[in-house]
Amino acid sequence: MTLMAEAMASCTAIAYVDGTLVGDPLDVKMFEATGWDLHEAPEDGALAEVCPPEQRPGQGNFSSALLKRFEFSAPLQRMSVICNNRIDGNSCKAFVKGSPEAVTRLCVRESIPADFRDVLHVDIQAGYRVIAIAYKEMPIDWHPDKETSRAEVESDLTFLGLLIMENKLKPVTNQIIEKLKSAEVEPIMATGDNVLTAISVAQQCGIIDGSKPIHFGDLHIADGEDPWISWH
């Protein structure tokens, strides 16, 4: 089983409610794309367990138990989990997923491909949602009762790859935007996505005119000085 599949299946905040998988839509889609199964509340105290569809908890040759979860933090732009291989017992890993900028800052430089920025630039300009995934080996004897800081877990990571997703516009979106503008209601987009992704989507749905220049504003805050914005 690949590390990427294990990361996609385990680094989520999803659960079954009345037989339906619920959680952040991105997490649900990412998990479903792996084809893995989620088994909640194993008897050994793990938060949950994920495994390929041909396996079951405690059977076969692979499953991954979720021991610890650091929930998604908007300021940090990432979440992370600690898992171990329940079958052979000799593998304990931390998986981290989040914005490419936030995750790669925590990665060992040598693990990041040389063309990373070029590939990322192409994807976000095309309007795709891009998530970076990384991991690190944890001590084999790591236990949930052991005090481990989030900063310790989310450091010296090895870059695994990028998850590229397309969030398509609804068929009626452009029509609604056009009606709002004709009624002199100016649409404004508020998003946590990469700014180039946001611009691409705004152009697709008609919020902004793609033929006109776009200005970026960076907010600067320094001790003892009034905040100011630089435009480029």
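The written sequence of each chain sets the order in which its residues are numbered from 1. This being a predicted model, a pLDDT of at least 70 is required before a residue's local features are given, and a value of 80 or more before pairs of side-chain atoms are given or counted; all residues contribute to the totals for chains, interfaces and linings. Side-chain measures here rest on the full set of heavy atoms in the structure, leaving out hydrogens and waters.

### Regarding the sheet that holds strand 6 (residues 78-85)
Alright, step 1. A strand pair is defined by DSSP finding two or more bridges across the two strands. Runs of E in the DSSP output that reach at least two residues are strands. Runs of H or I that reach at least four are helices, and both are numbered from the N terminus. Across the sheet, which stays open at both edges, the seven strands sit in the order 3-4-5-6-7-8-9 with antiparallel pairing between neighbours. Lying at the two open borders of the sheet, with one neighbouring strand each, are strand 3 (37-40) and strand 9 (158-165). With strand direction ignored, the average angle separating the axes of adjacent strands in the sheet is 30°.
Alright, step 2. Inspection of the sheet shows strand 6 paired to strand 7 (residues 92-98) by seven bridges, in the antiparallel sense. When the sheet's bridge partners are listed, S80 is paired in strand 7 with V96. Where helices are involved, their axes are fitted lines through C-alpha atoms of the stretch in contact, as for all axes, and angles between N-to-C directions lie from 0 to 180°.

### As for the pattern of salt bridges
Alright, step 1. Only one rule defines a salt bridge in this text: a Lys or Arg side-chain nitrogen within 4 Å of an Asp or Glu carboxyl oxygen. By the definition in use, this model includes five salt bridges.
Alright, step 2. One salt bridge in this structure joins R69 and E71, with 3.9 Å as the shortest N-O distance.
Alright, step 3. For the salt bridge of E137 with K93, the shortest nitrogen-to-oxygen distance reads 3.8 Å. Taken together, the positions of E137 in strand 8 (residues 129-137) and K93 in strand 7 put the pair 44 residues apart, joining distant regions of the chain.
Alright, step 4. Taking relative accessible area as the criterion, E137 reaches 49% and is therefore assigned partly exposed.
Alright, step 5. Take K93: its relative accessible area is 11%, and that puts it in the buried class.
Alright, step 6. It is possible to trace a salt-bridge network through shared partners that takes in R78, R150 and E154. The cut-offs for exposure are 20% and 50% of the maximum accessible area for each residue type, with area from a 1.4 Å probe on protein chains only; residues under the lower value are buried, those over the upper are exposed, and the others partly exposed.

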